[in-house]
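Remarks on the overall topology
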Amino acid sequence: GDIIDGWHLRKAGTKRWQAKLGLAALEKDYDVTVITQNVDNLHERAGSTHVIHLHGELTKVRSTKNENRIYELSPDHYEIKADETDRYGDRLRPHIVWFGEAVPMIEPAIEITEEADIFVVIGTSLNVYPAAGLLRYVRPQVPIYLIDPKEVKVPVDRSVRVIQKGASEGVAELIALLRR
């Protein structure tokens, strides 16, 4: 396996996977909530137990008439047909946010952000809203870390510690910083 700063992580196929494993490992010492724009379930598969999916989840479907009726798909049945219905006769659609639709999980994400003692942004340009707007809800005294290999324009009114590395190396560095 791989060792990241003393934490044993199973061998992973990609660096992004290693970053997700690192975030999950943080749950040993911290109450971690992952707020993601990704629609896959890789954070959960890596072991994270508190994940908010802003743009929905491809492993779920929902009723076209009642967006609160959400159904988990099984690994042997991840695809649905265009005319598939639920037990109420409602057509089903992927449980993702299409372009132009509201982001229903933004309110829970804002609440978590307002309560955070540490806020970490990983792999984003801070240009995709409403997720980029979450920074406005971080309390003034809360440290903010931004991990991205590219140069990202950060808000001038906030102190943001930039770790200009890819996700896996950046998360490893973050873990080292937090453990000091």
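Report follows, based on the coordinates. Owing to the predicted nature of the structure, the values given are computational and were not obtained by experimental measurement.

What to know about the overall build of the chain
The secondary structure content of the chain amounts to four helices and ten strands. N-terminal to C-terminal, the α/β element order of the chain is β-β-α-β-α-β-β-β-β-α-β-β-β-α. Each principal axis of the C-alpha distribution contributes one length, and for the chain these read about 55 × 40 × 25 Å. In the chain, buried positions account for 41% of the 180 residues. Long-range pairs, those at least 24 residues apart, make up 44% of the contacts in the chain with a sequence separation of at least 6. A total accessible area of about 11,100 Å² is found for the chain, and carbon and sulfur atoms account for 50% of it.

As for the packing of aromatic side chains
The full count for this structure, using the stated rule, is zero aromatic pairs. One cation-aromatic arrangement involves Arg69 over Tyr88; the distance from NZ or CZ to the ring centre is 3.9 Å.

A word on a negative patch on the surface
A cluster of acidic residues, Glu107, Glu111, Glu114 and Glu115, forms a negative patch on the protein surface. As for its position among the elements, Glu107 is in helix α3 (residues 106-115).

Considerations on unusual backbone geometry
Leave glycine aside and you will find that most residues have negative phi; peptide bonds, for their part, are mostly trans. Tyr129 connects to Pro130 through a cis peptide bond whose omega is 15 degrees. With respect to the helices and strands, the residue Pro130 is situated in the loop between β8 (119-122) and β9 (144-147). With a phi angle near 60 degrees, Leu126 is a residue other than glycine that sits in the positive phi range. Mapped onto the elements of the fold, Leu126 is located in the loop between β8 and β9.

Considerations on the sheet that holds strand β7 (residues 92-96)
Hydrogen bonds along the backbone pair up the strands of a sheet, which may run parallel or antiparallel. Pairing within the open sheet is antiparallel, and its three strands lie in the order β6-β5-β7. Sheet topology places β6 (70-72) and β7 at the edges, where each strand pairs with a single neighbour. Across the sheet, the mean angle separating the axes of adjacent strands is 45 degrees when strand polarity is ignored. By the bridge criterion, three bridges tie strand β5 (residues 56-63) to β6 in an arrangement that is antiparallel. Bridging across to β6, Lys60 finds its partner in Glu72.

So, the pattern of salt bridges
Working definition: two side chains of opposite charge can pair if their charged atoms are close together. The tally for this structure, following the rule as stated, stands at seven salt bridges. Between Lys60 and Glu57 there is a salt bridge, with the nearest N and O atoms lying 3.1 Å from each other. With a closest N to O distance of 3.4 Å, Arg69 and Asp86 form a salt bridge. Highlighted residues: Arg69 in the loop between β5 and β6 and Asp86 in the loop between β6 and β7, separated in sequence by 17 residues. The network of salt bridges with shared partners includes Glu57, Lys60 and Glu72.

What counts, and where the lines are drawn
Residues numbered from 1 in each chain as written. Predicted model: local features only at pLDDT ≥ 70, side-chain atom pairs only at ≥ 80, totals over all residues. Heavy atoms only, no water. Helix = DSSP H or I, 4+ residues; strand = E, 2+ residues; numbered from the N terminus. Buried < 20%, exposed > 50% of the residue type's maximum accessible area, 1.4 Å probe, protein only. Contact = heavy atoms within 4.5 Å. Areas by Shrake-Rupley, 256 points an atom, 1.4 Å probe, with all protein chains shown as cover. Phe/Tyr/Trp six-rings, centres within 6.5 Å; stacked < 30°, edge-to-face > 60°. Lys NZ or Arg CZ within 6 Å of the ring centre and 35° of its normal. Patch = residues over 30% accessible without salt bridge, like charges linked within 9 Å, V, L, I, M, F, W, Y side chains within 5 Å. Salt bridge = Lys/Arg side-chain N within 4 Å of Asp/Glu carboxyl O. Lys, Arg positive; Asp, Glu negative; His and termini not counted. Charge placed at Lys NZ, Arg CZ, Asp CG, Glu CD. Pairing = 2+ DSSP bridges. Axes fitted to C-alpha atoms, helices over the stretch in contact; angles between N-to-C directions.

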